[in-house]
Number of protein chains: 8
Amino acid sequence: MDPERLRELLAAVQGGQVSPGAALERLRRLPFEDLGFARLDTHRALRGGAPEAVYCPGKTPEQVVEILARLGQSHANVLATRAGAEVHAAALAAGLRVAWHPTARLLVANPVPVEGVGLVVVVSAGTSDLPVAEEAAVTAEVRGNRVERVYDAGVAGLHRLLAQHPLLLEANAIVVVAGMEGALASVVGGLVDRPVIAVPTSVGYGVSAGGWAALLTMLATCVPGVAVVNIDNGLGAGYLADRINKLAAKIR
Amino acid sequence: MDPERLRELLAAVQGGQVSPGAALERLRRLPFEDLGFARLDTHRALRGGAPEAVYCPGKTPEQVVEILARLGQSHANVLATRAGAEVHAAALAAGLRVAWHPTARLLVANPVPVEGVGLVVVVSAGTSDLPVAEEAAVTAEVRGNRVERVYDAGVAGLHRLLAQHPLLLEANAIVVVAGMEGALASVVGGLVDRPVIAVPTSVGYGVSAGGWAALLTMLATCVPGVAVVNIDNGLGAGYLADRINKLAAKIR
Amino acid sequence: MDPERLRELLAAVQGGQVSPGAALERLRRLPFEDLGFARLDTHRALRGGAPEAVYCPGKTPEQVVEILARLGQSHANVLATRAGAEVHAAALAAGLRVAWHPTARLLVANPVPVEGVGLVVVVSAGTSDLPVAEEAAVTAEVRGNRVERVYDAGVAGLHRLLAQHPLLLEANAIVVVAGMEGALASVVGGLVDRPVIAVPTSVGYGVSAGGWAALLTMLATCVPGVAVVNIDNGLGAGYLADRINKLAAKIR
Amino acid sequence: MDPERLRELLAAVQGGQVSPGAALERLRRLPFEDLGFARLDTHRALRGGAPEAVYCPGKTPEQVVEILARLGQSHANVLATRAGAEVHAAALAAGLRVAWHPTARLLVANPVPVEGVGLVVVVSAGTSDLPVAEEAAVTAEVRGNRVERVYDAGVAGLHRLLAQHPLLLEANAIVVVAGMEGALASVVGGLVDRPVIAVPTSVGYGVSAGGWAALLTMLATCVPGVAVVNIDNGLGAGYLADRINKLAAKIR
Amino acid sequence: MDPERLRELLAAVQGGQVSPGAALERLRRLPFEDLGFARLDTHRALRGGAPEAVYCPGKTPEQVVEILARLGQSHANVLATRAGAEVHAAALAAGLRVAWHPTARLLVANPVPVEGVGLVVVVSAGTSDLPVAEEAAVTAEVRGNRVERVYDAGVAGLHRLLAQHPLLLEANAIVVVAGMEGALASVVGGLVDRPVIAVPTSVGYGVSAGGWAALLTMLATCVPGVAVVNIDNGLGAGYLADRINKLAAKIR
Amino acid sequence: MDPERLRELLAAVQGGQVSPGAALERLRRLPFEDLGFARLDTHRALRGGAPEAVYCPGKTPEQVVEILARLGQSHANVLATRAGAEVHAAALAAGLRVAWHPTARLLVANPVPVEGVGLVVVVSAGTSDLPVAEEAAVTAEVRGNRVERVYDAGVAGLHRLLAQHPLLLEANAIVVVAGMEGALASVVGGLVDRPVIAVPTSVGYGVSAGGWAALLTMLATCVPGVAVVNIDNGLGAGYLADRINKLAAKIR
Amino acid sequence: MDPERLRELLAAVQGGQVSPGAALERLRRLPFEDLGFARLDTHRALRGGAPEAVYCPGKTPEQVVEILARLGQSHANVLATRAGAEVHAAALAAGLRVAWHPTARLLVANPVPVEGVGLVVVVSAGTSDLPVAEEAAVTAEVRGNRVERVYDAGVAGLHRLLAQHPLLLEANAIVVVAGMEGALASVVGGLVDRPVIAVPTSVGYGVSAGGWAALLTMLATCVPGVAVVNIDNGLGAGYLADRINKLAAKIR
Amino acid sequence: MDPERLRELLAAVQGGQVSPGAALERLRRLPFEDLGFARLDTHRALRGGAPEAVYCPGKTPEQVVEILARLGQSHANVLATRAGAEVHAAALAAGLRVAWHPTARLLVANPVPVEGVGLVVVVSAGTSDLPVAEEAAVTAEVRGNRVERVYDAGVAGLHRLLAQHPLLLEANAIVVVAGMEGALASVVGGLVDRPVIAVPTSVGYGVSAGGWAALLTMLATCVPGVAVVNIDNGLGAGYLADRINKLAAKIR
């Protein structure tokens, strides 16, 4: 409830149109409406809609489809993450309009084309990091960001990365996805003055298994301008890149 | 060496003002200068200068002073981090012009006032988190960002945070500094659609000792738009906030 | 053996009805009976019965059924935890009278309705936390506590939690079930002056995998009045809530 | 602001004694006051006051004294934890009225005698666990609970514990403080049907160093009715025991 | 080669029956034979034979059978550990004479009855610990020790343990097998003055998963006379109990 | 209370010399006395006395001296562990009769010479392991075991160990003390058929710091007959060696 | 671009054959070409070809085959690691010329016999370590090194290792592969003055599970001349042995 | 005892000059002498002497000096590691001839100039890594290797590293010393085909504290030809580089 509407309510009480008891009922929920208002504002600012993403593991395909159907009624581009073929099939069988990105393991319900603004660059080290990199890239695209991919540009192929230096310098946000030892985030961070979002992946074996070595490397970097999200959290990196790029592109 | 100056050099060779041998000497260092060029560009864009910060632990005050003196000749606002009173005293004794921020443990050599652009908000949970929060805030200020502080706004004092909701929504980047259980980053991330940089601090005892509990909490957050830097890394958070805010403020 | 029966035995020895040798045999086992007596007292105080719960993993359905059959002869509302459909089927096939709670993965043998006293509130963060939350809720219900559920009230949906503030303030014990970053326990603990039992869940991936991030967060909380049980231990939280609620409701 | 006072305000607006503008100013802060109201309620119920405890490490004695002085103006029995002799001396030098409990490392500012209700029993394993046990015990006492101590009752001295069995069975809450292997919590939990709050301590060496072995043991217990707080967190255990005991004693 | 046989060889050289060259060949392998001698001695002292045990995981049933067949030619009671039904079937199909202990997951090739000397007691906490407890018990039996089992005697059923106090006091070695929080080893160690070998098991969930909580508890015990083997290492506990019991029974 | 005395009491009741009420009072404490009886028996069997050892860290020298004085009245050879020069000085100043072993950091109060029976061999890897090795050795000696030391026999000096092979084969228990990588326990265990008690030490840096690498190595050993105690726990190893050696020497 | 070619380019600019603009374009890519040059040099030095190895997990057999086909066009002896039967079958079905080493799980595409120079010795502790040991051995062989295998030479069978002492002393590089407690690397390192590359394996259970105990042991070794690669990284050990052996054999 | 001397001994027995008994005594110690022989051979091969290094922490300066004096009698260039000024002073006071390298914290007793052969390059990331880098460099120099240093060449100053590319390609062994995130080892490994020995350092804070992040990064590297030693183990890296370089330089 914004101040203007509150002033009107109080005036209505003063003028006798609203009884103190009715106003009391209205005001009782004020704290929560106020919080809700903030959320409404968030929602409005995001335009084309940004409902919660649906995390599929631990839900049946039917449950995912039901949630998507409900969210899709009022929102465009609803994301279901870690969505496999069986979720896709269930969505189609239920008559939902969806776009499926199998590598990214993303299912987009009620998909609506959005023009991409600004520039987000997603860099990945190896082919095994693709699912996470694509989760970040498609998330950013679906939310209306222009996305360029620089894949397979690990430390072993540093020249491929250097060849894309101009692109990196143009980006408003760079997502770096890497497993194994995760050194790529430091290298990219040292080449640019742009915000770098590092995503460790669980790819690897031995000390790399589960992504902990990459996570620690990325947190430990002494290169400025790098921050880290959870292991395999391509979605989170895409969301954060979206926030930064929209600000820089003056959409927000 | 930027393209323009390279073109001039080549023209000078063509015109005979510079011999191939002299040009060769000049170009021999090109790869490194070229990499440095990216860094030079960074430097230029940042205005008032952004040389490497000097990490004091493990160096004698004399060594720190010597490095600051050298860097301060060509750069304004050179930062020395984790700088205590003895480093400050040594700098004064050596005749350096410095500004010391004791809470932030930052020593700024060759300090030059910079107008703050955009808005970076630094939120901290408790008074023990102040040194890290101030390291982030002063770093951002010194690099030319407008900084607002919302301190002592931990989960226990949530209302203090909520009272600053409008300020949070106006920020281009929010730095959240918290030790203990680090839940504050999730709470802030849930209230805004702005980039949130979470800094776990080593404040606490038992499972909180060293900052690991806060670090894991922040990485594990399911609230979108949050990324994390190393424990106690106020400097890194300040740098990243600077990068984001400058982009949003169209300085970069 | 309670003091009264011991006095009788001694009187019988004095009166010659029991020989010293027979009394010796009887008393030889006294220490264990005495310990057992404490347990008996526990049992009596709990009314409707509180035998050990049967942990199903690592046992065949047949073994579980056999144990339940034996315990069910002398006890009502015997709990088998982590009980899947095959255990349920085996119990039915064996002619046992059981109530199965599939979400809670609880099988109640020899179920007897118990009136719920006092108030235990179970709060959960996300839908994936439901099995653990239900294990806590059903455990408390079966043991005779009134239970109210506030589900899907994670940090992202804080307003749903705040809307239940009066209910929380009325509870004698609040069980908070959360995976991922587990910040919900701190938030709830900050809103009430009631005992909060936090249950981390193994829901999540990356640093959240296995529930360790949530566990550390909950232990590290600086909000007073919160204690923690093992990851996924809904049963333990339900038991402890039962103990506290019964005391407050003056049943115990 | 409680509903009654809000109704009065609205009536005053209706009656014209208060203008809408003045009411608006008053209501603008409502959300925070409303949250504060919950806290006020807490405060009232607790009688003699329960402000935040002051955690001394990382603060100068002067800072601690200043905070205590301010809090002590409106609250009785303000706690400063981990308070050593130098904090005590500084408080005395500043003319504060304090009670110091050196073993518990607690300094109570503006101390006011409170009658102890109900019963909290604090059990500790070894003499090295005393500081943490005393922190729990004094915290509970200061907050108005009757406290009995059963110290030095580790697994090696099980008979001392068994000798206090009746006392344990009478308690509304039992705090068990143990380092090393922390088995005591399981043993106590097996003897009673009362809520047990386990506090691991950092006492020990090798695998016990830092308290992790005790923490894991206590969390892993298969004995029902036990929950755990952070390592060395006597304050938290005392607070939770207070909450439970007050409910059982019908003070709350 | 024992001293006696070496003396004979040298005498044969002196007497000319053996040439220096032939003796040289014989002595060239002396260091290894000498080390083997120690092992031979071990073998002899153990009577009925103690070859290496065969660890089945990672080997095909055929490979296990082949190794057993070879070892079984010169040794009685050859052990294969973690042996499932398919290994048993393969052994029978290959015509091997074997005894299979399915709970202990032990397959004994070339089984020969051995009289049990002295006394080893194996105590276990819960039914899920049975496989490890039986591995220890059968190992000790097969190697010729009298073994008594005290199962299902966890902290919750302390009276069952106390009822076996005389048996415990008679043992030359006590193996305590426990998962979850592993407190049983401390309790047993506090009741006896006999060597206690603690075996943590991987039974449990949350912090107990994998057996680490039990392992740390057992290592951290402040009760004297307890040592620990690897998680789930029933074989190792059985071997060590055999060594101690044989010494005490003066077999060795 | 042993059976004989209980029979007498019952006969006295039967004979009327003792009233049932008086007997009741006597029997009420039976469970604890009975447990104590076991401990008494332990004590008696050990002859020369085996009171609890006093762990000095966390106690003032005065506290240690007071405890030693009390224990020393009824016991010989009371051990204080991790006792430095200041504890020794305090004991002398208080007029206690003590023997101090500075390398072992052991103070023996009321020292009485005990003849050493059987054989315990203590092997250590490096000179930095001496304090722990000596703690084990002196503990065993003080409790009446013959002890031989084989020091500085790490993997690098394997020949020194092999030279003592006959001594190792004669031992009833072998304590192996090693830090760094702790491989020595495996090597010794492979050379003998005697019980081996492995003690990891906290000597080392990097991955060895704190003793964890040595601990894991020792637990992971595939050599039979080895069990492990806590890091730096020379006392525990000495106690266990005492138990085993006494059994083998038929003292117990 | 080497200095000579740069001098020519500048001379051509001076002489007017090349315009400054064309030279600028050429120089713009200099840094990357220079890095590429280094890589080319590396490649040339290795002779018989050393393309990147293909890590199969996470790729479909078809993807692996496609990559191998492409790499195999220009390279001999292309390695695919962790390659199972289905990858082998897919390669054959696609008409690739391959050699499959099932134990080593290596598939060599476009295999060409290479004469083995120098000497690399691969030592392994147990039969379960074979896959990793073979991965190291075959990798080294395929890259043109003479390889000798000393398998099943764990601490328990030390004499088998000692029997190969002369072979070890002749090696230019020794790869030691061991799981469980990993003590073998220390033992081998103590016997030779040759470079030892230690490979921990994930073989084992309890504290050995995943290979961490072996990893820490190997890193903690106090024996000089030992370095460690990732758990199960036979490929990396084979590569490093190749580098060292080639240097020693003066091939490089 | 080499074969020739053994043949002579047997011939002397055959010829009657030596009795079988005397020969038996001589042969009894053969196994150890034989092992010692191997060590002697090692020693001989190393020329200028390579006694064990003395690890100073945990020893008094006097103890270190005494050991150095003894070792220095028969060896040149005896190393004492982690040797501070007080050890140096004690050595001088005792009249020892020593060379002290304060940055490397190495004290060389009985120093003798050795010509450096081949080439070892030591690369370090930052100035805080200097002590470890110097420990490696001086160790290698003292043992007779030519050493070149490339310091302060971290990821942030990649151009400094690239400028030394030719030097790296000439090296027989490269030691890379880095703390923080340790990415430098991957970068160097990707630039050369030479053996790379990575040394993580304990420099850093937060997740870098203690060197674990750097350790994991280095182990996880997917760049071939890299192996890792313990955190801060400059000595071990220097020793291994010495072994490799000597082989390549054909000294060994």
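Residues numbered from 1 in each chain as written. Chains lettered and ligands numbered in written order. Predicted model: local features only at pLDDT ≥ 70, side-chain atom pairs only at ≥ 80, totals over all residues. Heavy atoms only, no water.

Asker: Hey, could you go over the overall build of chain A for me, with residue numbers and the actual values?
Answerer: The helix and strand tally for chain A stands at 11 helices and nine strands. For chain A, with 252 residues in total, the buried portion stands at 60%. The long-range fraction of contacts in chain A, counting pairs at least 24 apart against all pairs at least 6 apart in sequence, stands at 68%. As displayed, chain A has an accessible area near 8,900 Å², and 56% of this comes from carbon and sulfur atoms. (Helix = DSSP H or I, 4+ residues; strand = E, 2+ residues; numbered from the N terminus. Buried < 20%, exposed > 50% of the residue type's maximum accessible area, 1.4 Å probe, protein only. Contact = heavy atoms within 4.5 Å. Areas by Shrake-Rupley, 256 points an atom, 1.4 Å probe, with all protein chains shown as cover.)

Asker: How would you sum up the relation of the copies chain D and chain B? Please name residues and give values.
Answerer: Once turned by 89° and shifted 0.1 Å along the axis, chain D lies on chain B with an RMSD of 0.5 Å. Accordingly, the operation relating the two chain copies is best matched by a four-fold axis. Rotation axis and chain D: the residue whose C-alpha lies nearest the axis is D:Gly210, separated from it by 8.4 Å. (Least-squares fit on C-alpha atoms with pLDDT ≥ 70 in both.)

Asker: So what about the sheet that holds strand S3 (residues 98-101) of chain C? Which residues, and what values?
Answerer: Residues and elements named next belong to chain C. Across the sheet, four strands lie side by side as S1-S2-S4-S3; this open sheet has mixed pairing. One side of each edge strand has no neighbouring strand; the edge strands of this open sheet are strand S1 (54-55) and S3. In this structure, S1 lies alongside strand S2 (residues 78-81), joined through two bridges in parallel fashion. Counterpart to valine 54 in the pairing with S2 is alanine 80. Sitting on the sheet, helix H4 (residues 61-74) is in contact with S1, S2 and strand S4 (106-109), with an inclination near 165° to S2. Contacts from helix H5 (residues 85-93) reach S3 and S4 within the one sheet, and its direction differs from that of S3 by about 170°. (Pairing = 2+ DSSP bridges. Axes fitted to C-alpha atoms, helices over the stretch in contact; angles between N-to-C directions.)

Asker: Describe the pairing of strand S7 (residues 173-178) of chain H, naming the residues involved and giving the relevant values.
Answerer: Residues and elements named next belong to chain H. With six of six residues buried, S7 lies mostly within the body of the structure. Residues Ala173, Val175 and Val177 of S7 are buried on one face, and the alternating residues Ile174, Val176 and Ala178, pointing to the opposite face, are buried as well. When strand S5 (residues 117-124) meets S7, the two strands line up parallel, connected through five bridges. Within the sheet, the bridge partner assigned to serine 124 lies in S7 and is valine 177. Alignment of S7 against strand S8 (residues 196-200), held across five bridges, turns out to be parallel. Bridged to isoleucine 174 within S8 is valine 196. Considered for its hand, the β-α-β crossover made up of S7, helix H9 (residues 184-191) and S8 is right-handed. (Right-handed = clockwise from strand over helix to strand, strands pointing away.)

Asker: Give a detailed account of H5(C), specifying residues and quantitative values.
Answerer: All names here are of chain C. Val87, His88, Ala90 and Ala91 are the residues of H5 that are buried. For H5, the angular spread of buried residues about the axis comes to 165°, placing them on one side. Glycine 95 occupies a position one or two residues after H5 and carries a positive phi of about 80°. (Arc of directions from axis to C-beta.)

Asker: Help me get a handle on the packing of aromatic side chains, residues and values and all.
Answerer: Using the criterion set out here, one finds eight aromatic pairs over all chains in the structure. The ring of H:Tyr205 carries B:Arg82 above its face, with NZ or CZ at 4.2 Å from the centroid. (Phe/Tyr/Trp six-rings, centres within 6.5 Å; stacked < 30°, edge-to-face > 60°. Lys NZ or Arg CZ within 6 Å of the ring centre and 35° of its normal.)

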